[in-house]
Amino acid sequence: MVDTYESVLLVKPEVFIYKIPPSGANQRHRAGNWNLSDPTWTGRMRLVAKGNNVSLKLEDKMTGALFANCPVETYPGVAIESVTDSSRYFVIRILDDNGRCAFLGMGFGDRSDSFDLNVALQDHFKWVKNQEKIEKDKSAPKQELDLGFKEGETIKINMKITKKDGESSRTGKSRTGGSGIGLPPPPGGVGNKIAPPPGRSPLVSPAHKPSGGTEWGDFATAGGQPQQQQQNTTTTNSNWVQF
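Definitions and limits used
- Residues numbered from 1 in each chain as written.
- Predicted model: local features only at pLDDT ≥ 70, side-chain atom pairs only at ≥ 80, totals over all residues.
- Heavy atoms only, no water.
- Pairing = 2+ DSSP bridges.
- Helix = DSSP H or I, 4+ residues; strand = E, 2+ residues; numbered from the N terminus.
- Buried < 20%, exposed > 50% of the residue type's maximum accessible area, 1.4 Å probe, protein only.
- Phe/Tyr/Trp six-rings, centres within 6.5 Å; stacked < 30°, edge-to-face > 60°.
- Core = buried A, V, L, I, M, F, W, Y, C linked by side-chain atoms within 4.5 Å.
- Contact = heavy atoms within 4.5 Å.
- pLDDT = per-residue confidence, 0-100.
- Salt bridge = Lys/Arg side-chain N within 4 Å of Asp/Glu carboxyl O.
- Expected span 1.5 Å × (residues − 1).
- Polar contact = N/O pair within 3.5 Å; in protein donor to acceptor, adjacent residues only side chain to side chain.

Caption draft 1: Structural detail: the pairing of strand β7 (residues 101–107). Taken together, the 3 bridges between strand β1 (residues 6–18) and β7 define a ladder with antiparallel strand orientation. In the strand pairing of β7, Phe16 is matched with Gly107. In this sheet, β7 lies alongside strand β6 (residues 89–95) in antiparallel orientation, the contact comprising 7 bridges. Residue pairing for β7: Val91 is matched across the bridge by Gly105. Between β6 and β7, which follow one another and run antiparallel, lie 5 residues, and Gly99 among them has a positive phi close to 90°.

Caption draft 2: Structural view of the pairing of strand β4 (residues 66–72). With respect to burial, β4 is a largely interior element, 5 of its 7 residues being buried. Across 6 bridges, strand β3 (residues 53–59) lies against β4 in antiparallel orientation. Within β4, the residue paired with Ser55 across the bridge is Pro71. Following β3, the chain reverses through 6 residues before pairing antiparallel with β4; Gly64 in that reversal takes a positive phi of roughly 80°.

Caption draft 3: Representation of the packing of aromatic side chains. Under the criterion given, the structure shown has 5 aromatic pairs. With a centroid separation of 6.0 Å and 85° between ring planes, the pair formed by Trp34 and Tyr89 is classed as edge-to-face. Residue Trp34 is located in the loop between β1 and β2 (41–50), and its partner Tyr89 is located in strand β6; the two are separated by 55 residues in the primary sequence. This pair shows no difference in class: Trp34 is buried, exactly as Tyr89 is. Pairwise contacts between aromatic rings join Tyr18, Trp34 and Tyr89 into one cluster.

Caption draft 4: Fine view of the nonpolar core. Core analysis: the largest hydrophobic core is formed by 26 residues, its most contacted members being Met45, Leu56, Leu58, Ile80, Met106 and Leu117. Elements with a contribution of two residues or more to this core: β1, β2, β3, β4, β6, β7 and α1 (111–139). Not counting the four nearest positions on each side in its chain, Met106 is found in contact with Val15, Phe16, Ile17, Trp34, Met45, Leu56, Leu58, Arg88, Tyr89, Phe90, Ile92 and Leu117. Membership of the second largest hydrophobic core comes to 8 residues, among which are Phe16, Ile20, Val83 and Val91.

Caption draft 5: Local environment of the confidence of the model for the protein chain. Residues with a pLDDT of 70 or more make up 63% of the protein chain, whose mean pLDDT is 76. Every residue in residues 203–211 scores below 50 in pLDDT, and together they form 7 contacts with partners more than four places removed in sequence or on other chains. Considering only residues more than four positions removed or in separate chains, one finds that residues 213–226, a stretch of pLDDT under 50, has 18 contacts.

Caption draft 6: Highlighting the pattern of salt bridges. In total, this model carries 7 salt bridges according to the counting rule given. A salt bridge links Glu73 to Arg93; its shortest N-O distance comes to 3.2 Å. With Glu73 in the loop between β4 and β5 (80–82) and Arg93 in strand β6, the pair connects residues that are 20 residues apart, well separated along the chain. Under the relative-accessibility criterion, Glu73 is labelled partly exposed at 48%. For Arg93, a relative accessible area of 17% gives the class buried.

Caption draft 7: Structural view of α1. Between its terminal C-alpha atoms α1 stretches 43 Å, which fits the 42 Å expected from 29 residues at 1.5 Å a residue. When we look at burial in α1, the residues that qualify are Asp113, Ser114, Leu117, Ala120, Leu121, His124, Phe125 and Val128. Capping the start of α1 is the job of one residue whose side-chain oxygen sits 2.8 Å from the backbone nitrogen of Ser112: Asp110.

Caption draft 8: Seen up close, unusual backbone geometry. For the bond running from Tyr75 to Pro76, omega is -5°, close enough to zero to count as cis. Here Pro76 shows up in the loop between β4 and β5.

Caption draft 9: Representation of the environment of Pro76. Pro76 gets classed as exposed once you look at its relative accessible area, which sits at 70%. Distance in space between the C-alpha atoms of Pro76 and Leu121 is 8.7 Å, their sequence separation being 45 residues.

Caption draft 10: Up close: the side chain of Glu59. Structurally, the position occupied by Glu59 is in strand β3. Of note is the side chain of Glu59, whose polar atom sits 2.6 Å from the side chain of Arg44. At 2.9 Å, the side chain of Glu59 and the side chain of Arg46 are in polar contact. If we ignore the near neighbours within four places in the chain, the residues touching Glu59 are Trp41, Gly43, Arg44, Arg46, Gly64, Ala65, Leu66 and Phe67.

Set out below in structure tokens:
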């Protein structure tokens, strides 16, 4: 078992304790009905917490001997109640070792002291509430997140591709080709054929070969030129034949 240590939440060096007259069932206490100039006891107040429990202890200023103990279960609650006519006075319920209780009046000389008591009690019970929530979350079973499709459920994805986007994509591919670089074809390619030598005519097919010529020496002209002109043309372009 882990030991729980006491922690001091607030200390006020001087508080005043009064005997209070009984009040009616539906009436709240008034500090004006107390003899405020003649307190029954004067001493030190300590607000001490042990785990979730908190107690207001009235102690002797010099010796620290316990005068009265006021356990506080909730705030605001029966253990500490404010009065109707002042913010510096409270009615506290004290308990002895035998479980007997009594109600006393308690007051401070300064309003800031009573304000500090209010804040310290509110902070403690706020912390207790948070601790209870944490413990509850730890013990509660965690719900697993189910991301699977239920029976009959479908999912629809809208992918909108505009005509302009499609055309630009196809145009880019046609311009760049497979390599992605739009270069012109090299010289001598399909679009850059070398023209034939001037005056050269295609070979005459064997079916139409002239009767007196040799197999390779006779050429036909496209326009039916005389034999002498054909010979001159052959002589003039002798360099192309050698090439």
